[in-house]
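Examination of the molecular architecture
Residue-level listing of the chains:
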Amino acid sequence: MKTITKEQQLEAVSGWWNSDQIVKWDKQYDEWDSQTVRSLNRRLEKVLKFVDDINLPKGAKALELGYGAGQTALKIGQRGYEVHGVDVSEKFVEIATTRCQKEDPTGKYYFKIGNIESRLEYEDETFDLVVISGVLHYLYDYEACIKEVYRVLKPGGHLIIAQRTAYALNHFLSIRPFLCSCLYFFLREKYEIFHSYKAMLCDSKLGVIFGRFENTKFFNTKFMLKGHDVWKYKLKKNLFTIPKLKNLCKRSGFGSLKVDGAYYCISEEPKYFDFNIKVDDFLEKMANKKFLHFIRRLSRITIVLSKKKVVS
Ligand SMILES: C[S@@+](CC[C@H](N)C(=O)[O-])C[C@H]1O[C@@H](n2cnc3c(N)ncnc32)[C@H](O)[C@@H]1O
């Protein structure tokens, strides 16, 4: 298993989020392929459900870390909150600002460029709400980020994290993703692994044994490479599980956790998309029933709501 330094990870992440990729992401909630659109919108829906549950007064201050093209920030701002944002991408700052100014001209949006693993440039106890959606897997030191979130939140302020997790339903229904999940479980992997036999053997902890074969002919056959990807930007994506997310919040001092799931699917393949919609709707309904909350563990994305304690 290759390791990566903090600087290399940041360079790769900013390279990726300043590349042509961002044009795609700008349209991600409406014009991208349907599977992705469905999961992103489900995620957004669940984040906003928690925002509405908290029911902050108008004018409350929210911060989104890793705001991307601003779709989530816009929906938060449209609820009458002042929205601040920090993102490492130099291109997203313009895209997000333009989107929010156009769609919500009277809203208050303040986006800036920055690395959310470093000290956040805000005073202690500034915000009522912090949202981190689809971002934590990019961070080298997500622990430092959550500690900063704790600092900038007011006592009683809320943190919402939306994050894809390791053990989703679709991973149990085909062989390669299932084997990958087994590796995640038994070897306690730290990073996500491509669903190819090559990656499972070379990029997991098994790499200590099999890494030396990575360039051999057999390890580069179609069979070994199915499910593999080659990224120009060599970043590592952190692997999260629900307990890991909960513990992360608790370790940083957060209390009272609520957990929800978003998007249940049986396969990532486009041909199953229509069937996925039915599965998603059905499991979503079931997961809300009293004794069936455990179903949420099978969703692709987990949403965690936590609260900074009020010290009396
Ligand atoms: C998958 S996008 C999510 C965008 C947005 N939160 C949403 O829900 O649509 C991930 C975002 O995290 C940002 N990001 C990743 N690492 C970061 C870092 N270290 N500091 C600041 N932003 C970061 C990226 O630039 C990108 O905009």
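Per chain, residue numbering runs from 1 following the sequence as it is written. Per-residue local features are limited, in this predicted model, to residues with pLDDT of at least 70; the limit for side-chain atom pairs, both in listing and counting, is 80 or more; totals at the level of whole chains, interfaces and linings are taken over all residues.

A word on the environment of Lys307. Each helix is a run of H or I in the DSSP string that is no shorter than four residues. Each strand is a run of E no shorter than two, and both are numbered from the N terminus. Mapped onto the elements, Lys307 comes out in strand β7 (residues 301-308). In this structure Lys307 comes out as partly exposed when scored by C-beta crowding, with 18 C-beta atoms within 10 Å. Along the sequence, Lys307 and Cys249 sit 58 residues apart, while their C-alpha atoms lie 9.0 Å from each other. A residue pair is marked as a contact if its C-beta atoms, positioned from the backbone, fall within 7 Å. Once residues lying within four places of it in the same chain are set aside, the contact partners of Lys307 are Gly156, His158, Phe254, Gly255 and Ser256. In this scheme every C-beta is placed from the backbone, and a residue whose C-beta has 20 or more other C-beta atoms within 10 Å is buried, one with 12 or fewer is exposed, and one in between is partly exposed.

Let's shift gears to the site of the ligand. Neighbouring residues of the ligand: 20 residues in total, closest Trp17, Gly66, Gly68, Val88 and Ser133. Mapped onto the shell around the ligand, the elements with two or more residues apiece are α4 (71-77) and β2 (82-87). Grouping the constituent residues of the shell around the ligand by class yields 10 nonpolar, eight polar and two charged. Here, nearness means that the C-beta atom of a residue, built from backbone geometry, sits within 6 Å of the molecule or strand in question. Amino acids outside the nonpolar list (Ala, Val, Leu, Ile, Met, Phe, Trp, Tyr, Cys, Pro) and the charged list (Asp, Glu, Lys, Arg) are all regarded as polar, and Gly is one of them.

Among the secondary structure elements, Leu10 is positioned in helix α1 (residues 6-16). Between the C-alpha atoms of Leu10 and Ser196, which are 186 residues apart in sequence, the distance is 26 Å. Filtering out sequence-adjacent residues up to four positions away, Leu10 remains in contact with Asn115 and Tyr140.

Strands sit in the order β3-β2-β1-β4-β5-β7-β6 across an open sheet of seven strands; the sheet is mixed. Every interior strand has two partners, whereas the edge strands, β3 (109-113) and β6 (254-262), have only one. Taken pair by pair, the neighbouring strands of this sheet meet at an average axis angle of 15°, ignoring direction. Bridge count for strand β1 (residues 61-65) against β2 is five bridges, and the pairing is parallel. Residue pairing across strands places Lys61 opposite Glu82, the latter belonging to β2. For two strands to count as paired, DSSP must find a minimum of two bridges between them. To obtain each axis, a line is fitted to C-alpha atoms, and for helices this fit is confined to the stretch in contact; angles are then taken between N-to-C directions over 0 to 180 degrees.

In this section: helix α3 (residues 34-54). Helix span, as expected, comes to 1.5 Å for every residue beyond the first. In this model, α3 (21 residues) spans 30 Å end to end at C-alpha, consistent with the 30 Å of a helix rising 1.5 Å per residue. Restricting attention to buried positions, one finds in α3 the residues Ser39, Leu40, Arg42, Arg43, Lys46, Val47, Phe50 and Val51. Where α3 is buried, its residues touch α4, β4 (127-133), β5 (153-164), β6 and β7. Among the residues trailing α3, Asn55 stands out with phi positive, at a value near 55°.

Before going further, it helps to examine the domain arrangement of the protein chain. One widely used convention gives an interface's size as the accessible area the parts lose upon coming together. Split into domains, the protein chain comes out as domain 1 (6-165 + 240-308) and domain 2 (169-225). Placing the centre of domain 1 and that of domain 2 at their C-alpha centroids yields a distance of 28 Å. Of the residues lining the interface, seven residues belong to domain 1; the matching set on domain 2 comes to five residues. Its residues assigned to classes, the side of domain 1 that touches domain 2 comprises four nonpolar, two polar and one charged. Residue ranges for the domains trace back to a domain assignment, done automatically or taken from a database.

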